[in-house]
Amino acid sequence: MRWIRDITLLLILIGVAGGLVWWQTTRREEQARIDKTTADTQRLEREVRFRAATKASGLNSRGWPITIDPGWFETDPPHNLVVSEERPWVEIASEEEAGLQHPRDRMTLDEKLAAFWYNPYQGVVRARVPVSTTDAEATSLYNTINRTMIASIHWRELSSEAPKLKQDKQHSEGDKKDVVGEVMASAPKAPEREHATVVVHRSTPGTRQP
């Protein structure tokens, strides 16, 4: 019966060795995806800065490209390999986000959130990360890929933009201001602006979607 025990032990050792090899392979592949995404995030931002410096693309009043064109990279646009493929490529920050260095949603909570976020008012590019088991894991991955040092993935960033000038409370036409305020309060609110996104798949560049 000893040979049965030896065979059983051998099978256990083979299983342990196979599991170790699988774990190491998985870790290497995961690290390779992180390294590639880190490099591609920097490549995307470098291209933005190059286009701004050479004025080679449509620039806004602050001198940054209004959007990001996947055609800049021919057939090899940057990829965010740590998130799922079926999502927009780049989200263009709205005017309300002009003073932010990071997107408000830093994790890909659903398939509608783009893999990258670009603020055309700051020339900043960030890669989003997947939802992780813990906030600490998500924060660490985000900081690693984007080379940042935020304290938490849920950290609420305050805009660096100067607030709008307040109206003078002692305005000589205070009565008129009250009337205008009533009219504005009763007027229907304008619909919220949807974020512009650039769509591209990992194999073939796509087109900009409003």
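Predicted model, so just to flag it, every value in this text is computed and none were measured.

S.K.: Run through the packing of aromatic side chains, naming residues and quoting values.
M.R.: Applying the stated criterion across every chain, the model contains two aromatic pairs. Arranged with centres 6.3 Å apart and planes meeting at 85°, the rings of Phe-73 and Trp-89 form a pair that is edge-to-face. Within this pair, whereas Phe-73 is found in the loop between α1 (2-54) and β1 (90-92), its partner Trp-89 is found in the loop between α1 and β1, the two being separated by 16 residues in sequence. No difference in accessibility class separates Phe-73 from Trp-89, as the two residues are buried. The rings of Trp-72, Phe-73 and Trp-89 are connected pair by pair, giving a single aromatic cluster.

S.K.: Can you break down the environment of Ile-34 residue by residue, with the values?
M.R.: Among the secondary structure elements, Ile-34 is positioned in helix α1. Each C-alpha atom, one on Ile-34 and one on Asn-80, is 8.5 Å from the other, the two residues being 46 residues apart in sequence. In this view, Ile-34 contacts Val-82, Leu-141, Thr-144 and Ile-145; residues no more than four positions away in its chain are not counted.

S.K.: Just give me the short version of the pattern of salt bridges, but keep the residues and values in it.
M.R.: All chains considered together, the criterion is met by seven salt bridges. Between Asp-40 and Lys-36 there is a salt bridge, and its shortest N-O distance comes to 3.3 Å. Separated by four residues within a single helix, Asp-40 and Lys-36 lie in helix α1, roughly one turn from each other. A relative accessible area of 3% means that Asp-40 is categorised as buried. Between Arg-128 and Glu-91 there is a salt bridge, and its shortest N-O distance comes to 3.1 Å. Here the residue Arg-128 occupies a position in the loop between β3 (124-127) and α2 (135-146), and Glu-91 occupies one in strand β1, the gap between them amounting to 37 residues.

S.K.: I'd like a description of the nonpolar core, backed by residues and values.
M.R.: Looking at soluble globular proteins, one finds that nonpolar side chains tend to be buried together. By size, the foremost hydrophobic cluster in this structure holds 26 residues, and its most contacted members are Leu-44, Ile-68, Val-90, Phe-116 and Tyr-118. Listing elements by their share of this core, those giving two or more residues are α1, β1, β2 (116-119), β3 and α2.

S.K.: I'd like to hear about the pairing of β2, residue by residue, with values.
M.R.: Burial of the side chains of β2 extends over both faces: Phe-116 and Tyr-118 are buried on one face and Trp-117 and Asn-119 on the other. Sheet topology places β1 next to β2; three bridges connect them, and they run parallel. Opposite Glu-91, over in β2, you have Trp-117 as the bridge partner. The pairing of β2 with β3 spans four bridges and is classified as antiparallel. Bridge assignment links Trp-117 to a residue of β3, and that residue is Arg-126.

S.K.: How would you explain α2 if you had to name every residue and give the values?
M.R.: For α2, with 12 residues, the first-to-last C-alpha span of 16 Å sits near the 16 Å given by 1.5 Å per residue. Trailing α2 by a residue or two, Arg-147 shows a phi angle of about 55°, which is positive.

S.K.: Outline the confidence of the model for the protein chain, supporting the account with residue identities and numerical values.
M.R.: Across the protein chain, the average pLDDT comes to 78, with 64% of residues at or above 70. Looking at the elements of the protein chain, mean pLDDT is at its lowest for strand β5 (residues 208-209), recorded as 40, and at its highest for β3, recorded as 98. The low-confidence segment residues 162-194, where pLDDT is below 50, has four contacts with residues more than four positions distant or belonging to other chains. Taken together, the stretch residues 201-210 has pLDDT below 50 and engages in 27 contacts with residues farther than four places along the chain or on a different chain.

S.K.: Which residues make up the side chain of Arg-126, and what are the values?
M.R.: Locating Arg-126 in the fold gives a position in strand β3. The side chain of Arg-126 sits in the buried core without any salt bridge; Glu-45 is the nearest counter-charge, 4.5 Å away. There is a polar contact of 2.9 Å between the side chain of Arg-126 and the backbone oxygen of Gln-101. Excluding residues that lie within four positions of it along the chain, Arg-126 makes contacts with Glu-45, Gln-101, His-102, Pro-103, Ala-115, Phe-116, Trp-117, Tyr-142, Asn-146 and Thr-148.

S.K.: Please provide a residue-by-residue account of unusual backbone geometry, values included.
M.R.: A positive phi is found at Lys-55, a non-glycine position, where the angle reads about 55°. Along the chain, Lys-55 falls in the loop between α1 and β1. Here the phi dihedral of Arg-147 falls at roughly 55°; this positive angle occurs in a residue that is not glycine. Among the secondary structure elements, Arg-147 is positioned in the loop between α2 and α3 (174-186).

Cut-off values and rules
- Residues numbered from 1 in each chain as written.
- Predicted model: local features only at pLDDT ≥ 70, side-chain atom pairs only at ≥ 80, totals over all residues.
- Heavy atoms only, no water.
- Phe/Tyr/Trp six-rings, centres within 6.5 Å; stacked < 30°, edge-to-face > 60°.
- Helix = DSSP H or I, 4+ residues; strand = E, 2+ residues; numbered from the N terminus.
- Buried < 20%, exposed > 50% of the residue type's maximum accessible area, 1.4 Å probe, protein only.
- Contact = heavy atoms within 4.5 Å.
- Salt bridge = Lys/Arg side-chain N within 4 Å of Asp/Glu carboxyl O.
- Core = buried A, V, L, I, M, F, W, Y, C linked by side-chain atoms within 4.5 Å.
- Pairing = 2+ DSSP bridges.
- Expected span 1.5 Å × (residues − 1).
- pLDDT = per-residue confidence, 0-100.
- Lys, Arg positive; Asp, Glu negative; His and termini not counted.
- Polar contact = N/O pair within 3.5 Å; in protein donor to acceptor, adjacent residues only side chain to side chain.

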